[in-house]
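Listed below are the residues making up each chain.
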Amino acid sequence: MAGWNENQLRKYNIKLEKIPTLQYDDPKLDSHLTNNYPVLIKGSKLVSRVLKWDLDYLKQHMSSVCCNVIVSKNHKFKYYDPKKITPNMTFKPISRPSPMIFSEFADKITNWKKGDSRLYLQQVLNNTIGQHVVRDFVMFNWDWIMSKQKICKWGPLSSNLILIAQEGNVTPCHYDEQQNMFASIRGYKRFILFPPSQFECLYPHPVHHPYDRQSQVDFDNPDFTKFPKFKEACGYEVIVGPEDVLYIPMYWFHHVESLKHGGYTVSINFWFKAGSVEKIEYPLLDYQRMVIMRNVEKMLAEALHDPSEVGNMLKTIFLGRYS
Ligand SMILES: O=C(O)C(=O)C[C@H](CCCc1ccccc1)C(=O)O
Ligand SMILES: [Zn+2]
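Criteria and thresholds
Residues numbered from 1 in each chain as written. Chains lettered and ligands numbered in written order. Predicted model: local features only at pLDDT ≥ 70, side-chain atom pairs only at ≥ 80, totals over all residues. Heavy atoms only, no water. Near = heavy atom within 4 Å. Polar contact = N/O pair within 3.5 Å; in protein donor to acceptor, adjacent residues only side chain to side chain. Areas by Shrake-Rupley, 256 points an atom, 1.4 Å probe, with all protein chains shown as cover. Helix = DSSP H or I, 4+ residues; strand = E, 2+ residues; numbered from the N terminus. Nonpolar A, V, L, I, M, F, W, Y, C, P; charged D, E, K, R; others polar. Core = buried A, V, L, I, M, F, W, Y, C linked by side-chain atoms within 4.5 Å. Buried < 20%, exposed > 50% of the residue type's maximum accessible area, 1.4 Å probe, protein only. Salt bridge = Lys/Arg side-chain N within 4 Å of Asp/Glu carboxyl O. Donors = N, O, S within 2.8 Å, 3.2 Å for Na, K, Ca; no water. Patch = residues over 30% accessible without salt bridge, like charges linked within 9 Å, V, L, I, M, F, W, Y side chains within 5 Å. Pairing = 2+ DSSP bridges. Axes fitted to C-alpha atoms, helices over the stretch in contact; angles between N-to-C directions. Contact = heavy atoms within 4.5 Å.

Trainee: For this particular structure, what's the right way to read the site of ligand 1?
Mentor: In the vicinity of ligand 1 lie 14 residues, with Y120, T171, D176, N180 and K189 positioned nearest. Within the contact set of ligand 1, an oxygen atom lies 2.6 Å away from a side-chain nitrogen or oxygen of T171. At 2.9 Å from an oxygen atom of ligand 1 is found a side-chain nitrogen or oxygen belonging to N180. Protein contact buries 95% of the 450 Å² of open area that ligand 1 shows by itself. For the shell around ligand 1, the secondary structure elements donating two or more residues are β8 (118-124), β10 (170-174), β11 (179-186), β15 (253-258) and β16 (265-272). Class assignment for the residues of the shell around ligand 1 results in six nonpolar, six polar and two charged.

Written as structure tokens, this is what we have:
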């Protein structure tokens, strides 16, 4: 297909399947969404009115806006929650926030040289970023996406993140606790998705760690001694191009990369809070098992008053009794 080729993809030793692609008005689409199954959606025109959002246009309309920019010494932008860094912890992240005004960000990525730190703009869209961008924002195809929100009984739209990445940037494998309709405006992004049932192969950090929700496995150099089941992981690959919308079901793990040599990418996501589950049905859904495991970790840390004791107590409960 025009627009990209295989050698723009980073090489990982992971079994990959494909994600289905459907037209936005395909009758089969709603069953994918309501069953929490990922799907690439074509033709929705969700963000077609803002395809002009390139660096020049945004520099024109939000040049003096201070934006949330992440800086990384390598190509990986592993998100962490600063609220979970405790005083007695030595936490040295590779990537860190470095807020800057938009025009500085635009100039830095335009004049980027090999060896320079990489940048990734990740800014919540709100009315502080200028009335032009807000005016464009209201021109998204809200009728369509809100109709999906209703059909799927999702909770309210919680936020839109505008994402401007340099070519080659990677957001390492993680999961989010919200439903996500991810739209590409410029460039191509490759997603590798894993269902919640592969939790055991992806070894997310403990809930109380700053890297909560992020996989511990470094896809560039997996440690099979510490993470042996990663060998069994089976991913679902999809390339998201301009005007495409990818549905990322909540609790599905996803690795995201802006294709190499593809120029900078502009994307926008639509995070919806999870809908309230009317009645728990059995057997439990895989994502519900992740919610239960998270709650056990939280409850034990609370009861023990020390997150670092959670592992030992789980071991005591498990060894020789459940093993
Ligand atoms: O839309 C999503 O869920 C993605 O993962 C898209 C991803 C950037 C997300 C950054 C982030 C990750 C975790 C917490 C807060 C912010 C990309 O496109 O590189
Ligand atoms: Zn995500």
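More follows now that the structure is in view.
Trainee: Even after reading the chapter, I still don't get the nonpolar core, so can you show me in this structure?
Mentor: The nonpolar side chains of a soluble globular protein tend to be buried, and buried together. Residues W53, F102, F105, I164, M181 and F270 are the most contacted members of the largest nonpolar core, which totals 45 residues. Residues V170, C173, C201 and F230 belong to the second largest nonpolar core, which totals 20 residues.

Trainee: I tried to follow the pattern of salt bridges on my own but got confused; where do I start?
Mentor: Pairs can form between side chains of opposite charge whenever their charged atoms are close. All told, the structure shown has 19 salt bridges when counted by the stated rule. Between D136 and R135 there is a salt bridge; the shortest N-O distance is 3.6 Å. Looking at R135, the relative accessible area reads 44%, which means it is partly exposed. Residue R190 pairs with E237 through a salt bridge whose shortest N-O separation is 2.7 Å. Of the two residues, R190 sits in strand β12 (residues 189-194) while E237 sits in strand β13 (residues 234-240), which places them 47 residues apart along the sequence. R190 gets classed as buried once you look at its relative accessible area, which sits at 4%.

Trainee: What is the right way to read the coordination of the zinc ion (ligand 2) from this model?
Mentor: In a perfect tetrahedron of four donors around a metal, the angles come out at 109.5 degrees. In a perfect octahedron of six, they are 90 or 180 degrees. The coordination sphere of the zinc ion (ligand 2) contains the protein donors H174 (NE2), D176 (OD) and H254 (NE2), at a distance range of 2.1 Å. For the zinc ion (ligand 2), the donor residues sit on a single chain with the sequence spacing H-x1-D-x77-H. Separated by 80 residues along the polypeptide, H174 in strand β10 and H254 in strand β15 bring together distant segments of the chain. Look at H174 and you get buried, because its relative accessible area is 9%.

Trainee: What exactly am I supposed to notice about a nonpolar patch on the surface here?
Mentor: Nonpolar side chains collect at one region of the surface, where I292, V296, M313, L314, I317, F318, L319 and Y322 lie side by side and expose about 720 Å² of accessible area between them. Of all the elements in the fold, those that place two or more residues in the nonpolar patch are α7 (286-304) and α8 (310-318). The element best represented in the nonpolar patch is α8, accounting for four residues. When you line up the elements, L314 lands in helix α8.

Trainee: Teacher, can you tell me more about the sheet that holds strand β6 (residues 95-97) here?
Mentor: Two strands in a sheet stick together by hydrogen bonds in their backbones, pointing the same way (parallel) or opposite ways (antiparallel). Across the sheet, nine strands lie side by side as β2-β3-β14-β11-β16-β9-β8-β5-β6; this open sheet has mixed pairing. Each of the sheet's edge strands pairs with one partner strand only, and the pair in question is β2 (21-23) and β6. Strand-to-strand, the axes of this sheet are offset by a mean angle of 25°, without reference to chain direction. Where strand β9 (residues 157-165) lies against β16, eight bridges are found, and the strand directions are antiparallel. Residue pairing across strands places N160 opposite F270, the latter belonging to β16. Contacts from helix α5 (residues 142-151) reach β3 (39-42), β9, β11 and β16, with the element oriented near 40° to β16.

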